[in-house]
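Report on the structure
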Amino acid sequence: MKIIFQIIVIASILVSCSKQQARKPISKTDGNFIKESIERNKKLIASEESLINTIIKKDTLKEYIASNKGYWYKYITKIEANSNLPVKGDIALFDYEINDINNNVIYSKEELKPQQYTIDKQNIMMGLRDGIKLMKKGETITFLFPSHMGFGYHGDDNKIKSNMPLICTVTLNDIKKDTIN
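An account of the accompanying structure is given in this report. Small disclaimer: the values here were computed from a predicted structure and weren't measured.

Bringing the overall build of the chain into the picture now. The helix and strand inventory of the chain stands at 4 helices and 7 strands. What you see in the chain, going N to C, is helices and strands ordered as α-α-β-β-β-β-α-β-α-β-β. Counting every position in the chain, which comprises 181 residues, the buried fraction comes to 34%. Contacts spanning at least 24 positions in sequence make up 67% of the contacts within the chain whose residues lie at least 6 apart. For the chain, the computed accessible surface area is about 12600 Å², with 55% contributed by carbon and sulfur atoms.

Structure follows, in C-alpha cells:
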C-alpha cells in the first residue's frame, strides 16, 4: 500500500511541475466596435449642434454665448454689478425648468421645486454643474445643452429620453458661502 501511495504522490508532483501552455483566446477584437461607436457619437453631436444652431439663429433678440464645455447660453436677467460667483463648497439655491429642444416643458419649476446644490460636491446634471458656476445671485440664464451635457444616452428613467438635447432655464436665487473651507 505504501508503494502505491508513493507512486501516486510522485506522479502528481511530476504532472503538476510540467510546463503547461496557456489557452488561446476564443475570440479577438479588431477595434471596429470602438471605431463605429466614435463615428455614431460624432454624428449624434453634429446633429444636436445643428438643432441648437437653428434655435440660436431664430432667436434674433438675444445673444448666445458658447461655453468651452460644449453648450450655449443666453442671459434672461443679467446682473451687471460685481458680485461673487459660486465656488466649490458654496451652496447654490436655484429654480429651474427643463424643456425639450422644441421648447415643450418636460419638468416645470413647480415640479422640480427650489433646488439646493453644494457646488462640485453633489451629483447633478453635468451642464448645470458647470452652468451654475457662471451665474451671479439674481440672474436667470437659459442653457442649451446637447444630450451629453444633459442626461446622455441613458435619459432620466422618466420623461427625458435617451440622447435628448435640453433647454434649461435657471434662476440663481441665492449663494450661501462655504464657511468650513
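Following the structure, the description resumes.
Side chains of Met 1, Ile 4 and Ile 8 sit close together on the surface and give an oily, nonpolar patch of about 390 Å² of accessible area. When you line up the elements, Met 1 lands in the segment before helix 1 (2-17). For Met 1, a relative accessible area of 85% translates into the label exposed.

What follows concerns the pairing of strand 2 (residues 72-77). Both strand 1 (residues 65-66) and strand 2 contribute to a ladder of 2 bridges, which runs antiparallel. Among the inter-strand pairings, Ala 66 is bridged to a residue of strand 2, identified as Trp 72. What sits between strand 1 and strand 2 in their antiparallel hairpin is a turn of 5 residues, with Gly 70 showing a positive phi close to 100°. Bridge count between strand 2 and strand 6 (residues 140-145): 5 bridges; the pairing is antiparallel. From the neighbouring strand, Thr 77 faces strand 6, where its bridge partner is Thr 140.

Inspection of the entire model under this criterion finds 7 aromatic pairs. Ring centres 5.9 Å apart and planes at 45° place the aromatic pair Tyr 73 and Phe 143 in the tilted group. Separated by 70 residues along the polypeptide, Tyr 73 in strand 2 and Phe 143 in strand 6 bring together distant segments of the chain. Phe 143 carries the same exposure label as Tyr 73, and that label is buried. Between Phe 94 and Tyr 96, the aromatic rings sit 5.4 Å apart at their centres with planes inclined by 45°, giving tilted as the arrangement. Judged by its relative accessible area of 2%, Phe 94 is buried. Assessed through its relative accessible area of 12%, Tyr 96 is described here as buried. Clustering of aromatic rings is evident, with ring pairs tying together Tyr 71, Tyr 73, Tyr 75, Phe 143 and Phe 145. Over the ring of Tyr 75 we find Lys 78; its NZ or CZ atom is 3.9 Å from the centre of that ring.

You will see that Lys 113, though not glycine, has its phi angle at about 55°, which is positive. Among the residues examined, Lys 113 registers a relative accessible area of 54% and is labelled exposed. We note that Asn 163 has phi near 50°; this positive angle belongs to a residue other than glycine. Position of Asn 163 among the secondary structure elements: in the loop between strand 6 and strand 7 (166-176). The exposure class assigned to Asn 163 is partly exposed, which follows from its relative accessible area of 30%.

Parameters and conventions
Residues numbered from 1 in each chain as written. Predicted model: local features only at pLDDT ≥ 70, side-chain atom pairs only at ≥ 80, totals over all residues. Heavy atoms only, no water. Helix = DSSP H or I, 4+ residues; strand = E, 2+ residues; numbered from the N terminus. Buried < 20%, exposed > 50% of the residue type's maximum accessible area, 1.4 Å probe, protein only. Contact = heavy atoms within 4.5 Å. Areas by Shrake-Rupley, 256 points an atom, 1.4 Å probe, with all protein chains shown as cover. Patch = residues over 30% accessible without salt bridge, like charges linked within 9 Å, V, L, I, M, F, W, Y side chains within 5 Å. Salt bridge = Lys/Arg side-chain N within 4 Å of Asp/Glu carboxyl O. Pairing = 2+ DSSP bridges. Phe/Tyr/Trp six-rings, centres within 6.5 Å; stacked < 30°, edge-to-face > 60°. Lys NZ or Arg CZ within 6 Å of the ring centre and 35° of its normal.

What is shown is where atoms sit, not what they do.
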